[in-house]
Structures are given as structure tokens and as C-alpha cells.
Amino acid sequence: MRAGQKRKCNFSEKSCMICGNTFKPTSPRQKVCASPGCKDILRRKYEKERAYYAKVQKQIEIVKNKGLLADAKEAKRSNMTYGQYKAMEWLMQNDHRNAQNEL
Ligand SMILES: [Zn+2]
């Protein structure tokens, strides 16, 4: 590497989002100072947020897998509440079963 080719780190000073001290970031995405305490707090904050989003995502998947979302949409389309729609669906299924039993 020739002299003068050194990577520039001329980012303007920022204030640490944890302790508020000003620091010279080494990357434009750096949000906290170089203090290990601040980095640790930030990391834990992200882990907490990631865990929360993972939980929400899981709940969405469960709803999708059960077809609840599709049912809710169908109910809305038929101007029924979800409960009404489910009740109707149940009645229809039971009618069908009763009809079959009578044969
Ligand atoms: Zn800090």
C-alpha cells in the first residue's frame, strides 16, 4: 500500500448515543464511542430489539399458518365479524355432516 492510499476516516465528530461524549467515528454507522461500556449497552439494546421482533414474527407466522388471517379477510369481505364468520363456517360444516349421516 502506497503512502496517501491510506483509508480516509474523516467523519465528523458525533456524540455517543449512550454517554453523550463526542467521539471521532471510524465508520459512518458508528453510533457510540469506543468505550466498552457503551458498546455493551448498545449490543444488549439490539439483542433485546431483535428478540422482540423475532417474537412478533413468530406470532405472525402462527397466525398465517393457521389461516386465521385469510379467514379474517374473508369475514370482512362478507361484512361479518370474525366470530360470526367462524360460527357460520361451523354451522355449514355441521349441516354437511348431518346431511351425510341422513343418507
Ligand atoms: Zn459512550
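Residues numbered from 1 in each chain as written. Predicted model: local features only at pLDDT ≥ 70, side-chain atom pairs only at ≥ 80, totals over all residues.

Colleague: Could you clarify how one ought to interpret the overall build of the chain in this entry?
Modeller: Broken down by element type, the chain carries 3 helices and 2 strands. In sequence order, the chain lays out its α and β elements as β-β-α-α-α. Across the 103 residues of the chain, 3% fall into the buried class. The contacts in the chain between residues at least 6 apart in sequence include a share of 2% that link residues at least 24 apart. (Helix = DSSP H or I, 4+ residues; strand = E, 2+ residues; numbered from the N terminus. Buried ≥ 20, exposed ≤ 12 C-beta atoms within 10 Å, placed from the backbone. Contact = placed C-beta atoms within 7 Å.)

Colleague: Explain helix α1 (residues 36-65) here, please?
Modeller: Residues spaced three or four apart along an α-helix point in a common direction, a consequence of the helix completing one turn every 3.6 residues. Helix length check: α1 (30 residues) gives 43 Å between terminal C-alpha atoms against 44 Å at 1.5 Å per residue, within 8%. A positive backbone phi angle near 75° is found at Gly67, which sits one or two residues after α1. (Expected span 1.5 Å × (residues − 1).)

Colleague: How should unusual backbone geometry be read in this particular structure?
Modeller: Backbone geometry follows two general trends: most residues other than glycine have a negative phi, and most peptide bonds adopt the trans configuration. Here Asn79, not a glycine, exhibits a phi torsion of approximately 55°, which is positive. The topology assignment puts Asn79 in the loop between α2 (68-77) and α3 (82-102).

Colleague: Explain the environment of Ala75 to me, please; I cannot follow it from the model alone.
Modeller: Tracing the backbone shows Ala75 in helix α2. With 10 residues separating them in the primary sequence, Ala75 and Tyr85 have C-alpha atoms 5.4 Å apart. Apart from residues lying up to four places away in sequence, Ala75 is in contact with Met80, Thr81, Tyr82, Gln84 and Tyr85.

Colleague: Where do I start with the environment of Ile41 in this structure?
Modeller: Relative to the elements of secondary structure, Ile41 occurs in helix α1. Exposure remark for Ile41: the 16 C-beta atoms within 10 Å place this residue in the partly exposed category.

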